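Okay, here's what each chain looks like letter by letter:
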Amino acid sequence: MTIHIVIQPASGYGAEVSAPSPGIRQLIAGGGEAGLTVQVPARIGGLTDTARFARSLAGAATEFAEWCESQTRTSTRTATHHGWPGLGVPTDDTSTDES
């Protein structure tokens, strides 16, 4: 079974490592009403597999962040109350993000 999780980050979203109990760590990403948690599976090789996944995720996230920063600021959202065209996501203002 495949599960796809889509998060369209809002201002204030981020990622951190948390310790829900002594000796346990998990990676948490997101904020508000959307989030993703990565935990170590309780099995032989779980730590190695999770470390490999976390490094892969970090590399891909860095590449994606660099791509996002390289895009022209005029290709962001439209100047409407509907956010991204066709999605109907509400926004707080009617201006485009030119900062």
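Note: the structure precedes this text.
Residues numbered from 1 in each chain as written. Predicted model: local features only at pLDDT ≥ 70, side-chain atom pairs only at ≥ 80, totals over all residues. Heavy atoms only, no water.

Q: Run through the overall build of the protein chain, naming residues and quoting values.
A: From N to C terminus, the protein chain includes one helix and three strands. The secondary structure elements of the protein chain, listed N-terminal to C-terminal, are β-β-β-α. Counting all 99 residues of the protein chain, 7% fall into the buried class. Surface summary for the protein chain: the accessible area is close to 8200 Å², and the carbon and sulfur share equals 57%. (Helix = DSSP H or I, 4+ residues; strand = E, 2+ residues; numbered from the N terminus. Buried < 20%, exposed > 50% of the residue type's maximum accessible area, 1.4 Å probe, protein only. Areas by Shrake-Rupley, 256 points an atom, 1.4 Å probe, with all protein chains shown as cover.)

Q: So, the sheet that holds strand β3 (residues 34-39): which residues are in play, and what are the values?
A: Taking strand neighbours across the sheet as the criterion, the three strands line up as β1-β2-β3 in an open arrangement whose pairing is antiparallel. At either margin of the open sheet sits one strand with a lone partner, and together these are β1 (14-18) and β3. On average, each strand axis in the sheet is tilted by 20° relative to the strand beside it, whichever way the strands run. (Pairing = 2+ DSSP bridges. Axes fitted to C-alpha atoms, helices over the stretch in contact; angles between N-to-C directions.)

Q: An account of the pairing of strand β2 (residues 26-31) is needed here, citing residue identities and associated values.
A: Pairing of β1 with β2, which is carried by five bridges, proceeds in the antiparallel orientation. Bridge pairing in β2 places Ser18 opposite Gln26. In the sheet, β2 pairs with β3 via six bridges, with the strands oriented antiparallel. For Leu27, the partnering residue across the bridge sits in β3 and is Val38. Where β2 folds back on β3, the antiparallel hairpin that results is connected by two residues, among which Gly32 adopts a positive phi of roughly 55°.

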